[in-house]
Amino acid sequence: MDIEIKTPEQLHLMRAAGLVVAAALAAAREAVKPGVSTAELDAVAEDVIRSHGAIPSFKGYHGFPGTICSSVNEQIVHTIPNPKHVLAEGDLISIDCGAILNGWHGDAAITVGVGETRPDLLRMAEVAEDSMWAGIAAAARGVRSGTGRLTDISWAVESAVRKAPRKYGIVKGYGGHGIGTAMHQEPHIHNHGRPGRGPMLVPGMALAIEPMITMGSARTAELNDGWTVVTTDGSHAAHVEHSIGLFEDGVWVLTAPDGGRARLGDLLTSAATA
């Protein structure tokens, strides 16, 4: 695989891009309310990104017209923001956002309830987030030990989802990826699979960990717009993502405001406090 290895200084530049994404997602989260359109959320995110001197990664990417992907309910990923798509009480929305700053990319996603949302849907979003953090922790342990492999992340994500009291579908065909001077780089990171396979996890890698799970079947379909991916059974979906940088002593969650400290503890690299 053609995996881009970064210097510590370059990962620090990626951290700056990641913080722009974090700020854009925080503003979009705050704006999520019944009666707000997904196009309005898109404008909020773009304003924040450009106010930081950055460029939206998604806008124009293979012709994609938005700054965010705004996937609601049965929509899983890649949904185009639309002024006619107005959020309703009880909806569940995934907001995926990327930014380029000084040539380096950040990429992250959140899943948010709109107003009063069913507890089982919010629980699904929590399970997705917990599985993402399990994958991030596996990456940290793998790079620190010097024996970790890419699919250790996949196995950790899948295991965390499977341990949940309720059964969820784990979406296949879509997942995480390398990131750096381009938004999507090798390697592709599945959210399922056996551990101990694929490239070694080494310092200088930057990866986007990106679980997607559903309340029902994991089967998907792409709509006629050529972008929107939905569940075939109409069940709700959750999608979360963080970009991380790997160091000899752990990881730095480049798109988390605290760098991942609250969830990772001593698996957080010392570079995050340097």
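What counts and how
- Residues numbered from 1 in each chain as written.
- Predicted model: local features only at pLDDT ≥ 70, side-chain atom pairs only at ≥ 80, totals over all residues.
- Heavy atoms only, no water.
- UniProt positions renumbered as here; feature names shortened; annotations may be inferred.
- Helix = DSSP H or I, 4+ residues; strand = E, 2+ residues; numbered from the N terminus.
- Buried < 20%, exposed > 50% of the residue type's maximum accessible area, 1.4 Å probe, protein only.
- Contact = heavy atoms within 4.5 Å.
- Polar contact = N/O pair within 3.5 Å; in protein donor to acceptor, adjacent residues only side chain to side chain.
- Expected span 1.5 Å × (residues − 1).

## With respect to the UniProt feature "domain: Peptidase M24" (unreviewed entry) in the protein
Alright, step 1. This chain's UniProt record puts "domain: Peptidase M24" (unreviewed entry) on residues 13-242.
Alright, step 2. Each end of residues 13-242 is marked by a C-alpha atom, and these two atoms are 16 Å apart; helix forms 32% of the span and strand 25%.

## Re the UniProt feature "binding site: a divalent metal cation 2" (unreviewed entry) in the protein
Alright, step 1. Per the UniProt record, "binding site: a divalent metal cation 2" (unreviewed entry) is annotated on D107, H177, E210 and E241. Taken together, the annotated residues stretch across 135 residues yet fold into one region, lying no more than 10.5 Å apart by C-alpha.
Alright, step 2. Here H177 lies in strand 7 (residues 176-178).
Alright, step 3. Using a relative accessible area of 5% as the deciding quantity, one classes H177 as buried.
Alright, step 4. Not counting residues within four places of it along the chain, the set of residues in contact with H177 comprises D107, M183, H184, Q185, P187, H188, I189, A206, L207, A208, E210 and E241.
Alright, step 5. Among the polar contacts listed, one links the side chain of H177 to the backbone oxygen of M183, at a separation of 3.1 Å.
Alright, step 6. In this structure, E210 sits in the loop between strand 9 (206-209) and strand 10 (212-214).
Alright, step 7. In contact with E210, other than residues within four places in its own chain, are D96, G175, G176, H177, N191, H239, V240 and E241.

## Side note on helix 4 (residues 150-162)
Alright, step 1. The end-to-end C-alpha distance of helix 4 is 19 Å, a good match for the 18 Å that 13 residues give at a rise of 1.5 Å each.
Alright, step 2. Of all 13 residues that make up helix 4, 10 are buried, and the element is covered over most of its length.
Alright, step 3. What helix 4 keeps buried is the set L150, T151, D152, I153, S154, A156, V157, E158, S159 and V161.
Alright, step 4. Looking at the buried positions of helix 4, the neighbouring elements they touch are helix 3 (119-145), strand 6 (169-170), strand 8 (185-189), strand 9 and strand 10.

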